[in-house]
Amino acid sequence: MVKPIETISKQKKSNNEIAKTWLSGQNSVTMIIERKIAEEYDLIDPQHVILERKPEGILIRKLEV
């Protein structure tokens, strides 16, 4: 489903960023995080992250050990 331009414009005004995903192999999906966001959350070097299922979508957060 394609979102109307009006909806995308509203998203851009918030703190949200738009990213694209694609299949990489048979069992995984790759997503690119914009560098400025990766730097802000210290994700430049390889890191473990937690993927948490939420009613509104997926929450991705850095695993702190």
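Note that the coordinates shown come from a computational prediction; the quantities given were computed from them, not determined experimentally.

1. Considering unusual backbone geometry
No. 1: Of note, Asp42 is a non-glycine position whose phi angle comes to about 55°, a positive value.
No. 2: Mapped onto the elements, Asp42 comes out in the loop between helix H2 (35-40) and strand E3 (49-54).
No. 3: Using a relative accessible area of 47% as the deciding quantity, one classes Asp42 as partly exposed.

2. So, the confidence of the model for the protein chain
No. 1: Residues at a pLDDT of 70 or more form 78% of the protein chain, whose mean pLDDT is 81.
No. 2: Across the protein chain, E3 holds the top mean pLDDT of 94, while helix H1 (residues 5-12) sits lowest at 51.

3. Focus on the layout of surface pockets
No. 1: Taken as a whole, the second largest pocket holds about 370 Å³ of empty space.
No. 2: Around the second largest pocket, the lining comprises 14 residues; the ones closest to its centre are Met31, Ile33, Val49, Leu51 and Ile60.
No. 3: Elements with a contribution of two residues or more to the lining of the second largest pocket: strand E2 (29-31) and E3.
No. 4: In terms of residue count, E2 provides more of the lining of the second largest pocket than any other element does, three residues in total.
No. 5: Here the lining of the second largest pocket is built from residues that sort into 10 nonpolar, three polar and one charged.

Rules used in this analysis
Numbers given for residues are sequential positions, taken from 1 along each chain in its written order. Whole-chain, interface and lining totals are the exception, using all residues; otherwise, since this is a predicted model, local features are given only for residues with pLDDT of at least 70 and side-chain atom pairs are given and counted only at 80 or more. Based on all heavy atoms of the structure, the side-chain values leave hydrogens and waters out of the count. Every helix listed is a DSSP run of H or I at least four residues long, and every strand listed is a run of E at least two residues long, numbered separately from the N terminus. Summary of the burial criterion: residues with accessible area below 20% of their type's maximum are buried, those above 50% are exposed, and those between are partly exposed, where the area comes from a 1.4 Å probe applied to protein chains only. Here pLDDT means the predictor's own confidence in every residue, given as a number from 0 to 100. A 1.4 Å probe that fits into a set of points on a 1 Å grid over the protein atoms alone but cannot get out defines a cavity; an open set with protein on both sides within 12 Å along at least five of seven lines defines a pocket, and lining residues are those with an atom within 4 Å of a point. Grid points are joined across faces, edges and corners, and a volume is the space filled by probe spheres set on the points. Throughout this entry, Asp, Glu, Lys and Arg are counted as charged residues, while Ala, Val, Leu, Ile, Met, Phe, Trp, Tyr, Cys and Pro are counted as nonpolar. The remaining residues, Gly among them, count as polar.

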